[in-house]
Amino acid sequence: INKAIEAANASGGGAVRCPSGTYACYSIHLKSNVVLYLEPGATILAASVPAGGATSGAYDPAESNKPWENYQDYGHNHWHNSLIWGENIHDFAILGTGLIWGKGLSRGASDLPLAETPGMGNKAIGLKNCHNVLLRDFSILQGGHFAILATGVDNLTVDNLMIDTNRDGIDIDCCRNVRVSNCSVNSPWDDAICPKSSFALGYARTTENVTISNCYVTGAYQMGTMLDGTWKRWPTDKAQQSRIKPYFPKEFNGSIKLGTESNGGFKNIAISNCVFDGSKGFAVESSDGAFIEGITFSGITMHDCTNTPLFLRLGARMRGPAGVQVGRLRGVTIADVVSYNSISRLGGGGIISGIPGYPIEDIKIHDVYLEHRGGRTKRMAALEPPESVRDDPWPDPDMFGDIPASGFFLRHISNIEFTNVEIAFTRPDSRPVFWMNHVEDVECFHVKTPRVLSAPAFALHDVRDFRTLACRNVEDMELKAIEQKEIRVGR
């Protein structure tokens, strides 16, 4: 295959076609102006590495990325140890309805000691510093640490892929002008679609002008069963779980997340018309100095969310060169979202949290319905979660522990608006629906909380410029400064 790609490139470009059949391969080297076409029935199979490893005749070695390697997780520093990779190339594509099966790949650091085997590969597709790239119509099974890792790739189109994998699905790192559409990703152990902005290129580069649309993301199904059409959900019986190899996921993932690598920032990102099914929710995270602005999340359906539907975080892990200041997170709009039957311990609406001195700014949430299972206690209502300023080792809703809000947990925010938002739960919940601390300029218009509500609708702690209008259970009010106040039904 490599010889065919080289010949096509040498002649000025062309297509390399893989007809029906299975092709056991080590590293395939993409070239400029060449299309790799996987015909129906064709499988590119990641070959196994001999026991004990190999110094030659296996996957290309993981190249050094010093001195930048400590600024992002291990897998983001290497591209050559992939089944298919390209670097500093342009105008190329992988097309066709065939399959890329990463059977012989490692899952990365979580797969030790296999990951350290000499000659081992750990990605299905790795791309670095490329432009004008098209990936369309094929499927990936068991893609290793990353089914697709694109770093510094501009003018990238990813369309109509099916990815059924054992770690990340599609990682878009330090990329510009990206279109991800019509993709289905089952990734129980890690993120499904994940824009990032690491320091892997040796400088902070913004991921910007990205659309993610008409995609289905999930972690609810056993790997491979989305592709073969059997759609087998993970068993609920513990005895059955223990028999599933190689492991059973602790928490189904399969989310769309901006972060956690967040040195360069995110700008102009539009996510629309997507379905989340049995996965973690949507996350936007700045932990390493990233400036984030201009994010829209709209036309979304979520079912059986395994943590909290909406997670916005500005933290200070600051994994990067010394002297970088804490980032900024502003200008996020969340609209036309329906979430139902999510878990409730982490808040059935969302967690939006900055840190002292660095508020999240200018957030608009409108036309949203968020239903969760409820049933949480007064003990949880009395909690005040830790700040966890450093986001160590990475930001995640679980780092706060149990949340004292049945709807939204809000801390260190400036200018947030809720319009036509409803919070519902299937069992009574003893926590305030909205819990706010150090929040200023809050607008709540036509917000619905459950009609029967024993807990406060709002629990306010150090809140400035708080306004409600036409909200169920509470009267219209405008409060300039509140040190501490609970607003209950009718008051």
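It should be noted that the structure appears before, not after, this text.
Reading the values: the criteria
Residues numbered from 1 in each chain as written. Predicted model: local features only at pLDDT ≥ 70, side-chain atom pairs only at ≥ 80, totals over all residues. Heavy atoms only, no water. Helix = DSSP H or I, 4+ residues; strand = E, 2+ residues; numbered from the N terminus. Rg over C-alpha atoms; globule rule 2.2 N^0.38 Å. Buried < 20%, exposed > 50% of the residue type's maximum accessible area, 1.4 Å probe, protein only. Core = buried A, V, L, I, M, F, W, Y, C linked by side-chain atoms within 4.5 Å. Contact = heavy atoms within 4.5 Å. Phe/Tyr/Trp six-rings, centres within 6.5 Å; stacked < 30°, edge-to-face > 60°. Salt bridge = Lys/Arg side-chain N within 4 Å of Asp/Glu carboxyl O. Pairing = 2+ DSSP bridges. Polar contact = N/O pair within 3.5 Å; in protein donor to acceptor, adjacent residues only side chain to side chain. Disulfide = S-S within 2.5 Å.

S.K.: Is there a simple way to explain the overall build of the protein chain in this structure?
M.R.: What the protein chain contains, in helices and strands, is three helices and 31 strands. In terms of C-alpha radius of gyration, the protein chain reaches 23 Å, essentially the compact-globule figure of 23 Å for 491 residues. Seen through its principal axes, the protein chain has C-alpha atoms that stretch 75 × 50 × 35 Å. Taking all 491 residues of the protein chain together, 59% fall into the buried category.

S.K.: I'm lost on the nonpolar core in this one. Help?
M.R.: Generally speaking, soluble globular proteins have nonpolar side chains that are buried together. Of all hydrophobic cores here, the largest spans 110 residues; its most connected members are I193, F282, F408 and F466. Counting residues per element, this core draws most heavily on strand β28 (residues 408-425), which supplies eight residues. Beyond its immediate chain neighbours, meaning those up to four positions away, F466 contacts M436, V442, C444, F458, L460, M477, E478, L479, I482 and I487.

S.K.: It is not clear to me how the packing of aromatic side chains should be interpreted in this structure. Could you clarify?
M.R.: What describes a pair of aromatic rings is the distance from one ring centre to the other and the angle between the planes of the rings. Under the counting rule described, the total for this entry stands at 16 aromatic pairs. Summarising the aromatic geometry, the rings of W189 and W234 are spaced 5.5 Å apart at their centres and angled 80° between planes, so their arrangement reads as edge-to-face. On the criterion of sequence distance, the pair formed by W189 in the loop between β15 (184-186) and β16 (193-196) and W234 in the loop between β18 (216-218) and α2 (238-243) is long-range, its members being 45 residues apart. Ring centres of F409 and W435 lie 4.8 Å apart, and the angle between their planes is 10°; this geometry places the pair in the stacked category. Within this pair, whereas F409 is found in strand β28, its partner W435 is found in strand β29 (residues 434-448), the two being separated by 26 residues in sequence. Of the two residues, F409 and W435, neither departs from the other in class, the shared state being buried.

S.K.: I tried to follow the pattern of salt bridges on my own but got confused; where do I start?
M.R.: Opposite charge on two side chains makes pairing possible when the charged atoms of those side chains draw close. A full pass over the atoms with the stated rule returns 34 salt bridges. Between R319 and E261 there is a salt bridge whose closest N-O contact spans 2.8 Å. Highlighted residues: R319 in the loop between β24 (310-314) and β25 (328-342) and E261 in the loop between β19 (257-258) and β20 (266-272), separated in sequence by 58 residues. Several salt bridges share partner residues, and in doing so they unite D73, D168, D171, K196, E261 and R319 into one network.

S.K.: I'm lost on the environment of I163 in this one. Help?
M.R.: Summarising the element assignment, I163 is placed in strand β12 (residues 162-164). Judged by relative accessible area, I163 falls into the buried class, the value being 0%. C-alpha separation for the pair I163 and G143, spaced 20 residues apart in sequence, amounts to 8.0 Å. Not counting chain neighbours up to four residues away, the residues in contact with I163 comprise I140, A147, I148, G169, I170, S184, V185, N186 and M226.

S.K.: It is not clear to me how the pairing of strand β4 (residues 34-38) should be interpreted in this structure. Could you clarify?
M.R.: Every regular strand shows the same layout, with side chains that alternate between the two sheet faces. Judged by which residues are buried, β4 turns out to be one-sided: V34, L36 and L38 face inward and are buried, whereas V35 and Y37, on the alternate face, are not. Pairing of strand β1 (residues 14-18) with β4 involves five bridges; the strand directions are parallel. Within β4, the position partnered with R17 by the bridge is Y37. Direction of pairing for β4 relative to strand β7 (residues 90-95): parallel, over a ladder of three bridges. Counterpart to Y37 in the pairing with β7 is L95.

S.K.: How should the side chain of D154 be read in this particular structure?
M.R.: Mapped onto the elements of the fold, D154 is located in strand β11 (residues 146-159). Residue D154 is classed as buried on the basis of its relative accessible area, which comes to 18%. A polar contact of 3.1 Å, which involves the side chain of D154, links it to the backbone nitrogen of R176. Within the local environment of D154, its side chain forms a polar contact with the side chain of R205, the two groups lying 2.8 Å apart. If we skip the residues at most four places from it in the chain, D154 touches C130, H131, N132, C175, R176, N177 and R205.

S.K.: Even after reading the chapter, I still don't get the environment of R451, so can you show me in this structure?
M.R.: The residue R451 is located in the loop between β29 and β30 (458-469) in this model. Overall, the relative accessible area of 65% leaves R451 in the exposed class. Along the chain, R451 and N473 lie 22 residues apart, while their C-alpha atoms are 6.9 Å from each other. With sequence-adjacent residues up to four places away left out, R451 is seen in contact with R472 and N473.

S.K.: Is there a simple way to explain the state of the cysteines in this structure?
M.R.: Think of a disulfide as a covalent bridge from one cysteine sulfur atom to another cysteine sulfur atom. Summed over all chains, the structure comprises zero disulfides. Sulfur of C130: no disulfide; nearest cysteine sulfur belongs to C175 and is 9.3 Å away. Between C305, a cysteine without a disulfide, and C274, which holds the nearest cysteine sulfur, the sulfur-to-sulfur distance is 14 Å.

S.K.: How should I be thinking about the environment of R136 in this particular structure?
M.R.: Turning to its location among the elements, R136 is positioned in strand β9 (residues 123-136). Owing to a relative accessible area of 31%, R136 belongs among the partly exposed residues under this scheme. Setting aside its immediate chain neighbours within four residues, R136 contacts I94, L95, G96, T157, D159 and L161. Reaching out from R136, the side chain makes a polar contact with the side chain of D159 at a distance of 3.3 Å.

S.K.: Could you clarify how one ought to interpret unusual backbone geometry in this entry?
M.R.: As a rule of thumb, non-glycine residues mostly have phi less than zero, and peptide bonds are mostly trans rather than cis. The residue after K66, namely P67, is reached through a cis peptide bond having omega 5°. The topology assignment puts P67 in the loop between β5 (42-46) and β6 (82-87). In this chain, D392 is followed by P393 through a cis amide linkage whose omega measures 0°. Looking at the secondary structure, you find P393 in the loop between α3 (378-381) and β28. Located in the positive-phi region is D137, a residue other than glycine, with phi close to 80°. Looking at the secondary structure, you find D137 in the loop between β9 and β10 (139-141). Look at D137 and you get partly exposed, because its relative accessible area is 29%. Although it is not a glycine, N209 sits at a positive phi angle of roughly 60°. Mapped onto the elements of the fold, N209 is located in strand β17 (residues 207-213). A relative accessible area of 32% places N209 in the partly exposed class.

Function cannot be inferred from these measures alone, as they are strictly geometric.
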